[in-house]
Amino acid sequence: MQVLIVGASRGIGLELVRQYRADGAAVSATVRDDAGAQRLAELGATALRLDVADAASASGLAWQIDGAAFDVAIVNAGVIGPRGEGLATPTEADFDHVMHTNVLGPMRVLPQLAEALVPGARLAVISSRMGSMGLQASASNWLYRASKAAVNSVLKTTSLVLDGRATCVAFHPGWVRTDMGGAGADIDVGTSVAGIRRTLAALTAADNGGFFNYDGTPLAW
Ligand SMILES: NC(=O)c1ccc[n+]([C@@H]2O[C@H](COP(=O)([O-])OP(=O)(O)OC[C@H]3O[C@@H](n4cnc5c(N)ncnc54)[C@H](OP(=O)(O)O)[C@@H]3O)[C@@H](O)[C@H]2O)c1
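Basis of the calculations
- Residues numbered from 1 in each chain as written.
- Predicted model: local features only at pLDDT ≥ 70, side-chain atom pairs only at ≥ 80, totals over all residues.
- Heavy atoms only, no water.
- Pairing = 2+ DSSP bridges.
- Helix = DSSP H or I, 4+ residues; strand = E, 2+ residues; numbered from the N terminus.
- Axes fitted to C-alpha atoms, helices over the stretch in contact; angles between N-to-C directions.
- Contact = heavy atoms within 4.5 Å.
- Buried < 20%, exposed > 50% of the residue type's maximum accessible area, 1.4 Å probe, protein only.
- Parallel < 35°, antiparallel > 145°, perpendicular 65-115°, else oblique.
- Left-handed = near helix turned anticlockwise from the far one by under 90°.
- Nonpolar A, V, L, I, M, F, W, Y, C, P; charged D, E, K, R; others polar.
- Right-handed = clockwise from strand over helix to strand, strands pointing away.
- Core = buried A, V, L, I, M, F, W, Y, C linked by side-chain atoms within 4.5 Å.
- Salt bridge = Lys/Arg side-chain N within 4 Å of Asp/Glu carboxyl O.

Draft legend 1. Highlighting the sheet that holds strand β2 (residues 26-31). The parallel open sheet is built from 7 strands, whose spatial order is β3-β2-β1-β4-β5-β6-β7. With partners counted over all chains shown, the strands left at the sheet margins are β3 (46-49) and β7 (210-213), one partner each. Here the average twist between neighbouring strands, direction ignored, is 20°. Where strand β4 (residues 70-75) lies against strand β5 (residues 117-126), 5 bridges are found, and the strand directions are parallel. Bridging from a neighbouring strand, Val75 pairs with Val125 of β5. Its contacts with the sheet place helix α2 (residues 34-42) against β2 and β3, and it is angled at close to 160° to β3.

Draft legend 2. Representation of the side chain of Thr178 within the structure. Relative to the helices and strands, Thr178 resides in the loop between β6 (166-172) and α7 (189-202). Judged by its relative accessible area of 17%, Thr178 is buried.

Draft legend 3. Representation of the packing of helix α5 (residues 92-114) against helix α6 (residues 142-161). In contact at an axis separation of 10 Å, α5 and α6 are set at 10° when each is read in the N-to-C sense. Here α6 runs roughly parallel to α5, going by the angle between their axes. Judged by the twist between their axes, the crossing of α5 over α6 is right-handed. Of the residues in α6, those touching α5 at Asp94, Phe95, Val98, Met99, Asn102, Val103, Pro106, Met107 and Leu110 are Leu143, Tyr144, Ala146, Ser147, Lys148, Ala150, Val151, Val154 and Thr158. Residue classes in the contact of α5 with α6 are distributed as 13 nonpolar, 3 polar and 2 charged.

Draft legend 4. Structural detail: unusual backbone geometry. Residue Asn141 is not a glycine yet carries a positive backbone phi of 50°. Given a relative accessible area of 11%, Asn141 falls into the buried group.

Draft legend 5. Local environment of the pairing of β5. Tracing the backbone out of β4, into α5 and back to the parallel element β5 gives a crossover that is right-handed. A crossover connection joins β5 to the parallel β6 through α6; in handedness this β-α-β unit is right-handed.

Draft legend 6. Looking closely at the nonpolar core. The biggest cluster of nonpolar side chains holds 34 residues, and the ones touching the most others in it are Val109, Leu113, Leu117 and Leu123. At 7 residues, the largest contribution of residues to this core is made by α5. Non-local contacts of Leu117, meaning those with residues more than four positions away in its chain, are made with Phe70, Ala73, Leu123, Leu162 and Ala166. Counting residues in each nonpolar core, the second largest holds 30 residues, with Ala25, Ala29, Ile126 and Leu203 among its members.

Draft legend 7. Molecular detail of the pattern of salt bridges. In the structure shown here, the tally under the stated rule is 5 salt bridges. One salt bridge in this structure joins Asp179 and Arg10, with 2.8 Å as the shortest N-O distance. In this pair, Asp179 sits in the loop between β6 and α7 while Arg10 sits in the loop between β1 (2-6) and α1 (11-22), placing the two residues 169 residues apart along the sequence. The class of Asp179 is exposed, set by a relative accessible area of 61%. By relative accessible area, Arg10 is classed as partly exposed at 48%.

Take a look at the structure:
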């Protein structure tokens, strides 16, 4: 099995690499620095360089994966941006950082991945239930929420374009103990990633365009 993880230097992305490698998959994964590349090398994965928020870097993904045919591709890179409650207008710099990473990044990467999948591949974006409007009951972190709602739309469009060629889904990984999730989060990365992998493996073509919790429970958009 050939797997690609976008955004794999730490946290959920690095654990995805670790578990797919432990399963014997050939894994290519992207990082932004030497320390990340070193961690991937130690896991026996191929390190690619990619900053999804940089146009020149992102456009270089296609040649790095030229000739590859992935069974599973997961776009995981993301940032949370400024945290806070209520209607605090973000600075333009914060807006651009979060939207360029969480939305424009996937819009740069997904078209390149679409050309590098086996027929019937599984393609996932790690989104968040904070991007769900149907489930929203809190006014925290509105910039992050808006970015994840937007990337959910991006995933839905991708699923329509790739219908019949790949099964494309968005995931909420749980509230996970990573740099982003913090030490007080609900679950560890191992639990989150094991659930994501199990859910991905069990998907059928009928699940194309779906939004799932890490444990496989469908989520409202
Ligand atoms: N943890 C949670 O509770 C939680 C909940 C819901 C959703 N999520 C989502 O899950 C995904 C992974 O989160 P995490 O908790 O593992 O976060 P994390 O520990 O902060 O890791 C974020 C990852 O994204 C990469 N990244 C950030 N900006 C990038 C860019 N411009 N180009 C390429 N890679 C970039 C980071 O690489 P560098 O090391 O180079 O910065 C790192 O590998 C994110 O999309 C996040 O929104 C997390």
